[in-house]
Amino acid sequence: MKVYYRISAQGIGTVLLRRRKIAKALRWWLRENGFDYMYSYFFG
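What comes next concerns the included structure. What you see is a predicted model; the values in this text were computed from it and never measured. (Residues numbered from 1 in each chain as written. Predicted model: local features only at pLDDT ≥ 70, side-chain atom pairs only at ≥ 80, totals over all residues. Heavy atoms only, no water.)

### Let's talk about the packing of aromatic side chains
For step 1, the next point in the chain: Scanning all chains against the criterion turns up 5 aromatic pairs.
For step 2, the next point in the chain: Arranged with centres 6.4 Å apart and planes meeting at 85°, the rings of Y41 and F43 form a pair that is edge-to-face.
For step 3, the next point in the chain: One residue, R18, lies across the ring of Y4, its end atom 5.8 Å from the ring centre.
For step 4, the next point in the chain: Directly above the ring of Y39 sits R27, whose terminal nitrogen or CZ lies 4.1 Å from the centroid. (Phe/Tyr/Trp six-rings, centres within 6.5 Å; stacked < 30°, edge-to-face > 60°. Lys NZ or Arg CZ within 6 Å of the ring centre and 35° of its normal.)

### With respect to the side chain of R27
For step 1, the next point in the chain: Among the secondary structure elements, R27 is positioned in helix α1 (residues 20–32).
For step 2, the next point in the chain: The buried charged residue R27 lacks any salt bridge partner; its closest oppositely charged side chain belongs to E32, at an N-O distance of 12 Å.
For step 3, the next point in the chain: Setting aside anything within four residues of it in sequence, one finds R27 in contact with I7, Y37 and Y39. (Helix = DSSP H or I, 4+ residues; strand = E, 2+ residues; numbered from the N terminus. Buried < 20%, exposed > 50% of the residue type's maximum accessible area, 1.4 Å probe, protein only. Lys, Arg positive; Asp, Glu negative; His and termini not counted. Salt bridge = Lys/Arg side-chain N within 4 Å of Asp/Glu carboxyl O. Contact = heavy atoms within 4.5 Å.)

If you want it as structure tokens, here you go:
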């Protein structure tokens, strides 16, 4: 099974990522720059 990370934010739209480190870095960047985001993951 593969894990997919979905991050949605007003400035970037919806992003679907496979790599956990990239998803974590994007969430950190959004937080640092004041963006509100929604984060979820699922198995596909």
